[in-house]
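Each chain is listed here by its residues.
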Amino acid sequence: TIAADKLCDDYGLDTVSTGGVMGFCMELFERGILTEADADGYNMQWGDDKFIFDFIKKIALREGFGDLLAEGTRRAAEKIGKGSDRYAMQVKGMELPGYDPRGAMALALNYATSNVGANHCVGYSPKEIVGIPEPVDPFTTENKAQLAKSNQDLTAVYETGIVCLFPFLFGMIPLEFYGRLISTITGIEEFADEPYLLRLGERIWNLERLFNVREGFGRKDDILPVRFLEESLTEGKRAHHTVDLGAMLDEYYRVRGWDPESGAPSEEKLRELNIIF
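Being a predicted model, the structure only gives us computed values, none of them experimental. (Residues numbered from 1 in each chain as written. Predicted model: local features only at pLDDT ≥ 70, side-chain atom pairs only at ≥ 80, totals over all residues. Heavy atoms only, no water.)

Draft legend 1. Representation of the environment of G19 within the structure. In this structure, G19 sits in helix α2 (residues 15-30). Residues G19 and A39 lie 20 residues apart in sequence; the distance between their C-alpha atoms is 17 Å. (Helix = DSSP H or I, 4+ residues; strand = E, 2+ residues; numbered from the N terminus.)

Next comes the structure, spelled out in structure tokens:
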């Protein structure tokens, strides 16, 4: 794993998406959707490290079957066909990281609604996953729309400083102290005011959403891979449960002040945030 990670770094590949592509290939191979003939003669069985290392290089250099995989799982599935889209674990074209959304409902909602697709660095949910700054029940859907919104807005705030998010999200650096740091660096006194920062984060998130709306994205794209909606976990506290995304989405759009049909920010919300006048 460490060697594969280093190889991705050397070639400038995202490790999360590359890992997602590898898992996608292995499952398709085991289900008979892909064969060695499709994959440049390679055996894509789970755990075959030769396949993994060789295909990291093939993806980076866009050689052979690696050229198709370099487009990510969504586009690869469109070309492979044969029902392979069911096994492309992605949202808005971005492969999922290593957190199963069936075990954390605010994180599941964030994966679905994130402006950049399924990304644990955008709207990560430390209250659900590690109980910081205080624990919440990760399995209930109650109040998860507000929690997802808060996590997303905070992410947008912290990213203004171009910093690693996790020390902040885990409470090591309080928002108030972060604001004073940014205020000292920029000379903008408002950054030291927490309500100003939170409003700033909400403005950023809505502006990003407007960009997506302009490019044709909407509620239809705020979705999870169908397997999370239909296939339950088989063991643990969430055994026999899936993600009830529809109800959470309705609440999320209400909390955001967005149109519930299109998923676009409402004119009222945009005026409230002084994005339009």
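Draft legend 2. Quick peek at the environment of I276. Tracing the backbone shows I276 in the segment after α14 (267-272). Once you skip the residues sitting within four places of it in the chain, I276 turns out to touch E267, L270 and R271. (Contact = heavy atoms within 4.5 Å.)

Draft legend 3. Structural context of the layout of surface pockets. The space that makes up the largest pocket amounts to roughly 440 Å³. As for the largest pocket, its lining consists of 21 residues, of which M89, L96, P97, D100 and F228 are closest to the centre. The set of elements that each furnish at least two residues to the lining of the largest pocket consists of α2 and α12 (226-230). Sort the elements by how many residues they give to the lining of the largest pocket and α2 lands first, with seven residues. Its residues placed into classes, the lining of the largest pocket shows nine nonpolar, six polar and six charged. Here the second largest pocket defines a volume of roughly 380 Å³. Taken together, 15 residues line the second largest pocket, and the ones lying closest to its centre are T1, A4, G19, M22 and I52. Listed by contribution, the elements that provide at least two residues to the lining of the second largest pocket are α1 (2-11), α2 and α3 (49-61). With six residues, α2 is the largest single contributor of residues to the lining of the second largest pocket. (1 Å grid on protein atoms, 1.4 Å probe; cavity = no way out; pocket = protein on both sides within 12 Å on 5 of 7 lines; lining within 4 Å. Points joined across faces, edges and corners; volume = space filled by probe spheres on them. Nonpolar A, V, L, I, M, F, W, Y, C, P; charged D, E, K, R; others polar.)

Draft legend 4. Layout of a negative patch on the surface. On the surface, E189, E190, D193 and E194 cluster together into a patch of negative charge. With respect to the element layout, E194 can be found in helix α11 (residues 194-214). The class of E194 is partly exposed, set by a relative accessible area of 34%. (Patch = residues over 30% accessible without salt bridge, like charges linked within 9 Å, V, L, I, M, F, W, Y side chains within 5 Å. Areas by Shrake-Rupley, 256 points an atom, 1.4 Å probe, with all protein chains shown as cover. Salt bridge = Lys/Arg side-chain N within 4 Å of Asp/Glu carboxyl O. Lys, Arg positive; Asp, Glu negative; His and termini not counted. Charge placed at Lys NZ, Arg CZ, Asp CG, Glu CD. Buried < 20%, exposed > 50% of the residue type's maximum accessible area, 1.4 Å probe, protein only.)

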